[in-house]
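Here are the chains, one letter per residue:
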Amino acid sequence: MTRNTHVPIFKRRRTGQTDYSKRKSMITSRSTILSIRISNKHSIFQFIEPKIIGDSIRSSSHSKQIIKLGWTGSGKSLHGLYLTGYLAGKKAKSTGLDKAILYIGRREFHSGSKIIYALKGVIDAGIEIPVNNEIFPDDEKFKTDNTEKIITEINSKYG
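Presented here is an overview of the structure given in this document. The residue numbers shown here count from 1 along each chain, following its written sequence. Since the coordinates come from a predicted model, pLDDT governs what is reported: local features require at least 70, and pairs of side-chain atoms require 80 or more to be given and counted, while whole-chain, interface and lining totals use all residues. Values shown for side chains rest on all heavy atoms present in the structure; no hydrogens or waters enter the calculation.

1. Quick word on the side chain of T84
Put simply, the test is: Each helix is a run of H or I in the DSSP string that is no shorter than four residues. Each strand is a run of E no shorter than two, and both are numbered from the N terminus. In this description, contact between two residues means that some pair of their heavy atoms is separated by no more than 4.5 Å.
Mapped onto the elements of the fold, T84 is located in helix α4 (residues 78-94). The contact partners of T84, leaving out residues within four places of it in the chain, are S43, F45, S61, H62, S63, I66 and G75.

Written as structure tokens, this is what we have:
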């Protein structure tokens, strides 16, 4: 009699949300992870300390927070992602974080993607993330008069 040797695949792997081999290497490295999630309307930035027992979130930012600071655009637009990343970086700096590793799950990272604008905001806020600086476009794409107002507001609030 033959046995059914079906090996179930985890749901988060099947849906493309978690890369378990990359996650294992991040847990063993004991580095802080920057997770960037972009939904249909908003963006979420989290600085996570991975642990075997369960992850703990050190700092978090949501694109609704820049709307409260006076941003009138979308939370997932290029400028909105940059500003939310800048806010996330400043909040993380105020909690004592100064470096992290980017984790975007199983999504592809290529030049011209929205993740680059979000990442540039975090790096401009002073968080050290290992990345090649050649992927970033010119600063004129990031900074306009309206974004400069929000950046000064964030700097006055989070130093």
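2. Let's talk about unusual backbone geometry
One non-glycine residue, R30, lies in positive phi territory at about 60 degrees. Note that R30 resides in the loop between α2 (20-29) and β1 (33-38).

3. Section: the nonpolar core
Worth spelling out the cut-off: To form a nonpolar core, buried Ala, Val, Leu, Ile, Met, Phe, Trp, Tyr and Cys residues must be joined to one another through side-chain atoms within 4.5 Å. Buried means the residue's accessible area, taken with a 1.4 Å probe over protein chains only, is under 20% of the maximum for its type, while exposed means over 50%, and partly exposed covers the values in between.
L34, F47 and L102 are the most contacted members of the largest nonpolar core, which has 19 residues in total. Residue contributions to this core peak at five residues, all from helix α5 (residues 114-124). Discounting chain neighbours no more than four positions away, the residues touching L34 are F45, Q46, F47, A100, I101, L102, Y103, L119, V122 and I129. Y86, A125, F142 and I154 belong to the second largest nonpolar core, which has 13 residues in total.

4. Let's talk about the environment of L119
Of note, L119 is situated in helix α5. When its relative accessible area of 0% is taken as the criterion, L119 is described as buried. In sequence terms L119 and K64 are 55 residues apart; their C-alpha atoms lie 18 Å from each other.

5. Overview of the pairing of strand β2 (residues 43-49)
To keep it simple, the criterion reads: When DSSP locates at least two bridges between a pair of strands, those strands are taken to pair.
One ladder, built from six bridges, connects β1 with β2; its direction is antiparallel. Within β2, the residue paired with R37 across the bridge is I44. What sits between β1 and β2 in their antiparallel hairpin is a turn of four residues. Bridge count between β2 and strand β3 (residues 56-62): six bridges; the pairing is antiparallel. By the bridge assignment for β3, F47 is matched with S59. Hairpin connection between β2 and β3: a loop of six residues separates the two successive antiparallel strands.

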